[in-house]
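Chain and residue survey
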Amino acid sequence: MISSIKYQGGFIVSSGIAAISLSPVLFILASGMNADPDIWSHLKQYVLPGLLKNTAILVAGVVSVTAALGISLAWLTSFYEFWGRRLFEKWLIFPLAIPTYVMAFIYTGLLDYSGPVQTAVREYAPELAGLFPEIRSGGGAIMVISLAIFPYVFLMASSGFRSMGRSMVEASQSLGGGRMFTLFRVTLPMARPWIFGGLILVFMETLADFGAVSVFNYDTFTTGIYKAWYGLFSVNAAAQLASILVVMVLVIVAAESWLRRKQKFFNRGGHQPVSRKRLNGTGHFLASAFCSTVLLVSFVIPAVQLLIWTAKAFAVEFGAHYIHLVANTFFLGLMGTAVTLAVAVSLSYSGRRRADLKTGIAAKLSLSGYALPGTVLAVGIIHVVAWLDSRVTGTMDMLGIQLQGALLQGSLILLPLCYMIRFLTVGYNPVSSHMTRLTPSIDEAARLMKVTGPALLSKIHLPLIRKGMVTGGILVLVEIFKEMPVTLMLRPFGWDTLAVKIFELTSEGEWERAALPAVTLVLAGMIPVGFLTFIGRSKKQHVPEG
């Protein structure tokens, strides 16, 4: 019996983690199948059409704009030489450091009717005042979210272009194909897996966005779930809306897997990098101007405006309350990171000990929480906790023990658990990549020295994968710092964080007062961007330029 448990230990651990990660989704789907007819009728008649329309417009718009920006910028910096190309190649990923909700309130503050831009237009060019577009609209939301997350497509497309090699491009051009013909008939089809991967990330991020659309008062499924819970005080209505969103996410994930199942792409020229063509004259100017404009509106202007507002509000906002917010943010971040890393190490070690199909499937299911929007996860975990509390209360009553209120609902322990489910993928990938580099001979040598079981993990594996743990820990910590909907919906009373404070202040139009916590989050977001920019690129092959 004991030997069987040891043999199946890896699968048991992976299955247990998968059960925890999937439990919110299963409870939400069960709630959707047992929908209250009255609530469902109300949602179907008054709520769903608007949410479906707005969500579809937002997702289609953001995917289109990010595809246009990301692919064109990657194409320019990968195949052409022009002024500032090296700088743009590194700095165009910096918008990822600015959360979408921070980008949203910065541009709302700048471009709203009472903002400095429209005020200046009314004063110096009143004939143009009526032509100014409304920022609090679907178009404004699409523009701002696209500016914040287009680097996903830029990074992935650049990686695809760089790995393509010289031979395919030269073969096309030697057959008479021009640069544009080669782009559309050779380059883009060859880079399709990377571009598609970036667009899937954009799709999921847009579908899960809560903070930015809240700033614009643009109702999508995520804000609809929040309003159903806190506006209608109906967890059931929120769960039914969440079940629709879960079905949409599952369909997207299934479609992505189905589309990739038979695709095979071979790189036959990766060791011969593509030579860049030096642009001259108008082409040189246009390429630099285009990259400069995108960098200006996506990072420089938001960063400068944030610093200006911070300087104005610093004396008022910096104090004991701000320090309390930072302490809460760090405390929750460190708790969530510790839980996530512990689970990530356990999952990686389980996969190493038991590398079979069912353990692999359990591991993949454990990582599914990253695809869930925060609002959906919060609603799902509330249902799980309510079910557990009712069972514990019933058991205690049978034993004659009276509990004072619910054990888990409203407790702080829910947040690290939700962070683990949401960001396990972020922590698992670097830990797992380091774990897989350890050769089996290390384990065999340890066993000869009578080091097995937990001792093998703690004395041999953990010291060898510490770099992966540090990388994963930093990435998870920054993600938790920026996370808003889960913290907003599940935090105990008084446990405000920097992200929650930004939501509260921007809901009241207090842009300047929200700048100081926003700057703190942006600086935290610069850490993983720095990893991507400098450490990641230092490992790539040297690319001679033609």
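For the structure itself, look to the data block above.
Residues numbered from 1 in each chain as written. Predicted model: local features only at pLDDT ≥ 70, side-chain atom pairs only at ≥ 80, totals over all residues. Heavy atoms only, no water.

**Here's the deal with the overall build of the protein chain**
Each helix and strand in the protein chain was counted, giving 24 helices and two strands. For 546 residues, the compact-globule formula gives about 24 Å, and the C-alpha radius of gyration of the protein chain, at 25 Å, lands near that figure. Along the first, second and third principal axes, the C-alpha atoms of the protein chain reach 85 × 65 × 50 Å. For the protein chain, with 546 residues in total, the buried portion stands at 49%. Within the protein chain, counting contacts between residues at least 6 apart in sequence, those at least 24 apart form 84% of the total. When the accessible surface of the protein chain is totalled, it reaches about 26200 Å², and 67% of it is carbon and sulfur. Of the charged side chains in the protein chain, 43 are positive and 27 negative, and the gap between their average positions amounts to 16 Å. (Helix = DSSP H or I, 4+ residues; strand = E, 2+ residues; numbered from the N terminus. Rg over C-alpha atoms; globule rule 2.2 N^0.38 Å. Buried < 20%, exposed > 50% of the residue type's maximum accessible area, 1.4 Å probe, protein only. Contact = heavy atoms within 4.5 Å. Areas by Shrake-Rupley, 256 points an atom, 1.4 Å probe, with all protein chains shown as cover. Lys, Arg positive; Asp, Glu negative; His and termini not counted. Charge placed at Lys NZ, Arg CZ, Asp CG, Glu CD.)

**Looking at the packing of aromatic side chains**
With the rule as written, the count across this model stands at 16 aromatic pairs. Look at W91 and F299: their rings are 6.3 Å apart centre to centre, the planes differ by 75°, and that puts the pair in the edge-to-face class. Pair noted here: W91 is in helix α4 (residues 85-91) and F299 is in helix α14 (residues 281-317), with a separation of 208 residues, a long-range link. Given a relative accessible area of 10%, F299 falls into the buried group. For the ring pair F318 and Y322, a centre distance of 5.5 Å and an interplane angle of 45° mean the geometry is tilted. In this structure F318 comes out as partly exposed when scored by relative accessible area, which is 41%. Judged by relative accessible area, Y322 falls into the buried class, the value being 10%. By way of ring pairs, the aromatic residues W91, F94 and F299 are connected into one cluster. Residue placement shows R122 over the ring face of Y113; its charged tip is 3.9 Å from the ring centre. (Phe/Tyr/Trp six-rings, centres within 6.5 Å; stacked < 30°, edge-to-face > 60°. Lys NZ or Arg CZ within 6 Å of the ring centre and 35° of its normal.)

**Some words on the nonpolar core**
Looking at soluble globular proteins, one finds that nonpolar side chains tend to be buried together. In this structure, V102, F105, F161, L306 and L490 are the most contacted members of the largest nonpolar core, which totals 143 residues. It is helix α3 (residues 37-79) that contributes the most residues to this core, 16 residues altogether. Not counting the four nearest positions on each side in its chain, L306 is found in contact with V102, F105, I106, A515, A518, V519 and V522. (Core = buried A, V, L, I, M, F, W, Y, C linked by side-chain atoms within 4.5 Å.)

**Considering the side chain of S350**
Its location among the elements puts S350 in helix α15 (residues 320-353). Aside from chain neighbours lying at most four places away, what touches S350 is G10, V13, S14 and T359.

**Focus: the packing of helix α5 (residues 100-111) against helix α7 (residues 138-162)**
Packing of α5 against α7 leaves a shortest axis separation of 9 Å and a crossing angle of 135°. Taken together, the axes of α5 and α7 are oblique relative to one another. In this structure, the crossing between α5 and α7 has a hand that is right-handed. Along the contact surface, α5 presents T100, M103, A104, Y107 and L111, while α7 presents M143, V144, L147, A148 and I149. (Axes fitted to C-alpha atoms, helices over the stretch in contact; angles between N-to-C directions. Parallel < 35°, antiparallel > 145°, perpendicular 65-115°, else oblique. Left-handed = near helix turned anticlockwise from the far one by under 90°.)

**Quick notes on the environment of K467**
As for its placement among the helices and strands, K467 is situated in helix α21 (residues 466-482). Residue K467 is classed as exposed on the basis of its relative accessible area, which comes to 61%. Considered as a pair, K467 and W40 are 427 residues apart in the sequence and their alpha carbons are 50 Å apart.

**Observations concerning unusual backbone geometry**
The bulk of non-glycine residues show a negative phi, and the bulk of peptide bonds are trans. One non-glycine residue, N217, lies in the positive phi region at around 50°. In this fold, N217 is placed in the loop between α11 (211-215) and α12 (221-230). Residues other than glycine seldom take positive phi values, yet K450 does so here, at roughly 65°. Here K450 lies in the loop between α19 (440-448) and α20 (453-464).

**Let's talk about the environment of T66**
With respect to the helices and strands, the residue T66 is situated in helix α3. T66 gets classed as buried once you look at its relative accessible area, which sits at 0%. Between the C-alpha atoms of T66 and G176, which are 110 residues apart in sequence, the distance is 31 Å. In this structure, T66 is in contact with I71, S146, I149, F150, V153, L199 and V202, ignoring residues within four places of it in sequence.

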